[in-house]
Amino acid sequence: MAGSRCQLLLGGRDPASRCFPLACLHARESKGLLHLLYTVHNAPVCCRLQAGWHHRERFSQSGGSVCINQQETLDIISAVTDAFCSPSPPSLQTFTAWCNSHLRKAGTQIENIEEDFRDGLKLMLLLEVISGERLAKPERGKMRVHKISNVNKALDFIAGKGVKLVSIGAEEIVDGNAKMTLGMIWTIILRFAIQDISVEETSAKEGLLLWCQRKTAPYKNVNIQNFHISWKDGLGFCALIHRHRPELIDYGKLRKDDPMTNLNTAFDVAEKYLDIPKMLDAEDIVGTARPDEKAIMTYVSSFYHAFSGAQKAETAANRICKVLAVNQENEQLMEDYEKLASDLLEWIRRTIPWLENRMPENTMQAMQQKLEDFRDYRRLHKPPKVQEKCQLEINFNTLQTKLRLSNRPAFMPSEGKMVSDINNGWGNLEGAEKGYEEWLLNEIRRLERLDHLAEKFRQKAAIHEAWTEGKEKMLQKHDFETASLSEIKALLKKHEAFESDLAAHQDRVEQIAAIAQELNELDYYDSPSVNARCQRICDQWDALGALTQKRSEALQRTEKLLETIDQLYLEFAKRAAPFNNWMEGAMEDLQDTFIVHTIEEIQGLSTAHEQFKATLPDADKERQAILGIHNEIAKIVQTYHVNMAGTNPYTTINPQEVNAKWDKVRQLVPQRDQALIEEHARQQNNERLRRQFANQANVIGPWIQTKMEEIGRISMEMHGTLEDQLTHLRQYEKSIVNYKPKIDQLEGDHQLIQEALIFDNKHTNYTMEHIRVGWEQLLTTIARTINEIENQVLTRDAKGITQEQLNEYRASFNHFDRDHSGTLGAEEFKACLISLGFDIANDAQGENEFSRIMSIVDPNRMGIVTFQGFIDFMSRETTDTDTADQVTASFKVLAGDKNYILADELLRELPPDQAEYCMARMAPYTGPDAVPGALDYMSFSTALYGESDL
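Residues numbered from 1 in each chain as written. Predicted model: local features only at pLDDT ≥ 70, side-chain atom pairs only at ≥ 80, totals over all residues. Heavy atoms only, no water.

On to the side chain of asparagine 787, then. Note on placement: asparagine 787 falls in helix α27 (residues 768-799). Taking the relative accessible area as the measure of exposure, asparagine 787 reaches 2% and is therefore buried. If we ignore the near neighbours within four places in the chain, the residues touching asparagine 787 are Ile394, Asn397 and Thr398. (Helix = DSSP H or I, 4+ residues; strand = E, 2+ residues; numbered from the N terminus. Buried < 20%, exposed > 50% of the residue type's maximum accessible area, 1.4 Å probe, protein only. Contact = heavy atoms within 4.5 Å.)

Here the structure, examined in full by the defined rule, presents 24 aromatic pairs. Pairing phenylalanine 227 with tryptophan 231 gives two aromatic rings, centres 6.5 Å apart and planes at 5°, and the pair type is stacked. Classification of tryptophan 231 as buried rests on a relative accessible area of 0%. These aromatic residues form a ring-pair network of at least three members: Phe227, Trp231, Phe237, Phe267, Tyr299, Phe303 and Phe307. (Phe/Tyr/Trp six-rings, centres within 6.5 Å; stacked < 30°, edge-to-face > 60°.)

Structurally, the position occupied by leucine 746 is in helix α26 (residues 740-755). A relative accessible area of 0% means that leucine 746 is categorised as buried. For leucine 746 and alanine 697, which are 49 residues apart along the polypeptide, the C-alpha to C-alpha distance reads 7.3 Å. With residues up to four places along the chain from it excluded, the contact list for leucine 746 reads Phe693, Gln696, Ala697, Ile700, Met768 and Ile771.

Considering all chains together, one arrives at zero disulfides under this definition. The cysteine cysteine 918 is free of any disulfide, with cysteine 321 supplying the nearest cysteine sulfur at 8.2 Å. (Disulfide = S-S within 2.5 Å.)

The positions UniProt marks with the feature "coiled-coil region" (unreviewed entry) are residues 323-350 and 488-522. Within residues 488-522, the helical portion is 97% and the strand portion 0%, while the C-alpha atoms at the span's ends are 50 Å from each other. (UniProt positions renumbered as here; feature names shortened; annotations may be inferred.)

So, about unusual backbone geometry. A positive phi is found at asparagine 407, a non-glycine position, where the angle reads about 60°. Of note, asparagine 407 is situated in the loop between α16 (364-405) and α17 (419-468).

Below, the structure is given as C-alpha cells:
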C-alpha cells in the first residue's frame, strides 16, 4: 500500500509509466518529493534520505540539475515507504490518551494500544462509552476465533454508523498490526469526536478549524490556519482556554518565544480544570518541524466538546444580531420618513402664506404675472410634491408592515408629522390654492373694471372741465350795470339759457362723483388723485351754483328795467343748448369703451345702438329747426336792417358748431358699428372655446370617475393570485398614465380660455380644477392600491400565508364591508372575527380582549380597520416571531446567567458595530448585584419591542 502511494506521488513525468525514470532524477524534483513527504506525513522521511544530498556538488552550473543514480533513487523510495508505514509516536501517544479518557469512565484503561485491543473486549467497551449504546454480548473465550468475533462486532458497529473501513480487517487487529489498529482508532475519532462538528455547513475538519479561528480571532498573536505548525507556540491552546475560562490563565503574561511554557501551561490547566487528559507532549511538538495533524485534531476536538456549551452563546449572539439588524433598518426607515415628512410640511408651510397673500397689484400686467406664477406652481412645483406625498404614504405603510412582521410596535411619527397631519396640511394647501385662483381672477376683473371706470372718469371730467372753463369769470361780470335795456334783457335771457345748460350738466357732475365713489369702493390705486380732481369739480360746481344764483338775483332785480329781448335769439339758445348737449352725450356714448363676456351682452349693445340710430332722423329734424331759427334771425336782420352788435347774446352756440358736432356724430356711428361687429366676432370665438373645452371635459370627467370605481372594485374582488392582481393593477396604472396627453390637451384649452378672459362656461359642470383634483386622486388611488397588494405579498411571503387563506380573509372582510369602503368599523370587525372562530364574549372580559385587538389593528385610533391591518393581525395569530422574552433569554446566555452584561462580553460575542449599538442604548444596571460598568439588557430587550422606552 505504501509502495502504491509512493508511486502515486512520483507519477506525472513519464506518459507511459506515470513514474520518474530511475536512472536520472533531478535534484529539484527529488527535493520536491521530500518536501511533499515532509508535509503530508508530519515528520522527516529519514536521516539517510537527507544524507543522499551529499552529491549536490555534482550540481551542474549550466543545466541547473543533478543526476542521482539508480541506487540513490531506490534508497529514497525505501525511505518513503518506511515513513508512510510506521506510526508516528505523537499519534500513538495521543490516541492512547484519547482512548483512556473515555475508558476511565468505565473504570479501566489501556497501556499498549497495539496489544490491549487484540481480544476486542476493550474495543467494544470503548465504543459503548463514546456512543452511549449497547453492543452485542462479547465472547469471553481466549481463542483466536473468539477475539476475531469480538473485533468483528466492533467493526460492524462502526460500519453501522456509516463509516467505510477500507483494508481494515479483524485479523489485522487481532494480530496486533499497529498501522491497522491506529487507522481504526483514527476512524473512530473522526466519526465520534470530529464528524459532528459543523460550523456554517462546513465539513468536520473545516468546521473544527473555523471554530478555532473564530474563538482565537480576538488574540492578535494567534493565527490558526491548520492543525500542525499553527499550534507549535502553544498560544492557540491557551487562547481557547482563556476565551472560555479567562480565570484559569493569565494570558497577558504568556510569550510567543516560550512555547514550552505555553504548551505545558495549556496541557496542565486542561487536565486539571477541564478534565481533558494530556494527549500531547510539549517536547515532541516543539522539537518537530511539523507536528502530527491527527494528534492535534484529536486533542483540539476535546476542547470543542468541553466548550460545547459556549455554542449556545454564539447562537444567542446570532439571534441578537438578527434582531438588532432589523431594528437598525427600521430606525433608518423611521428617520427617512421623518425627514421626508419634515421637508414636505416645510414646503407646505412656505407655500400656504404665498397662496394666502391677497395683497393686490396696481396694474393689470402685475396681476397677469401673478397668474402666470400660479400656473407655473400648478404645472412645475406642485406635481413633484404630489408624488412625494404619495411616496410618503407608501413608505409609511411599508414601514408599518415591516414593524408588524418583525413583531415591533407600530411607528408613531413625531408630533405634527402623522400622515393625517400631512393630509390636513395638504388640505389647507389646496383650500388656499383654490381661494388664491378665485382671488386672482376676481382681481383681474376688478382691475379691468377699474381701468374702464378710470378712463370714463377722465373723459367726463375733461368734458366738464372744458365746459366750466371761464364760467366763473363770466358769472362774475358786472356788464349788466352799464348795458341798455335790450342788452339787460339779453343778459337775462342768456343767463336763463346758462341755467338750463347748468341743469343739463348736473347729470354729468353726478356721474363723475358716482364713478369716483365706485373707484374708491373698488380700491383703485390712484384714488387720491381721482378724489382730488372730483373734489375740485364739486367745489367748482358748488361755486358755479352760488355764482349763478347770485347773478340770477341781480338780473331779476334789473329785469324790471329791461323790456326788450330778442325772442328768436332766446328760442335759438334754448333749443340749441339741449341739442348741443345731446350731441355731446351722443359723441361721448359712441366713443365709450365697452366690456362684454357673452354674445347676449354684445347683442344687447347692438340692439341699443340700432335704437339710437333710429332716433337720428328726429334729431336731424331738430337740427334743421334750430338752424331754421338762426335763418329766421338772419332774415329779420336782413329784412329790417337791424344793426346787431356781435353774435347771439343768449348762447355761445352757433350754427357752425351745431353742424360740426352733427357731422362728428354721423362720422362716429359707422365706427361704432365696426367696433360692435368685431366684438361680436370675438364673443363667437369665445363661445367656440367654451364648447371645445366642454366637449373634452364632459368625456374626461366621467372617465376619471369610472376608473376610480373600477379600481375600487379590483381592490375588493379576488380574481387570481396577488401577483395576478398586482400585474393587472400595474397594467391598469400604465393605461391610466397613457391617458395623460388628453389631460395635457385639456390644460392647453383651459389656458386659451383664461387668456381670452372667459370666466364661465354654461356647457359643462366640470372645471379644470375638478379635472386636476380627480386626476391626482386617480393617480394616488392606483398607487396606494398597488402598495396595498405589495404589502399583502410581503405579509404572505414573510408569514407563509397560502393563497387560499388570503382568499378566505378577503371573502370574510368583503362580507362585512357593507358600504364597500375598503375598511371595517369596530362592530363590523368584531362580527368578522366571530365569524372566523374568535371567542369574544359580550361581557367585560370580552370587551377588554376586543379593545386589545383594536389597539393592534388600529394603532392610530381612527376607528377603522384596513384590509392590510386585518391580514397582519390574522398572520400574527397564526405564525411565530421573535419576542422580547426570547431576546432577553439570549442576552442572559451571553452574560453567563447574570442579571446584567458587561461591555467586554458584548464586544467578545457580537460584531463591533452591533456591540457599540447595544452599549450606546443600554441603561446602567442598578440591581443589588450590580458591578461597575454593568448594563441592563432586560429593559433594552423590552424596549426593542415597544414595551418600554428605548
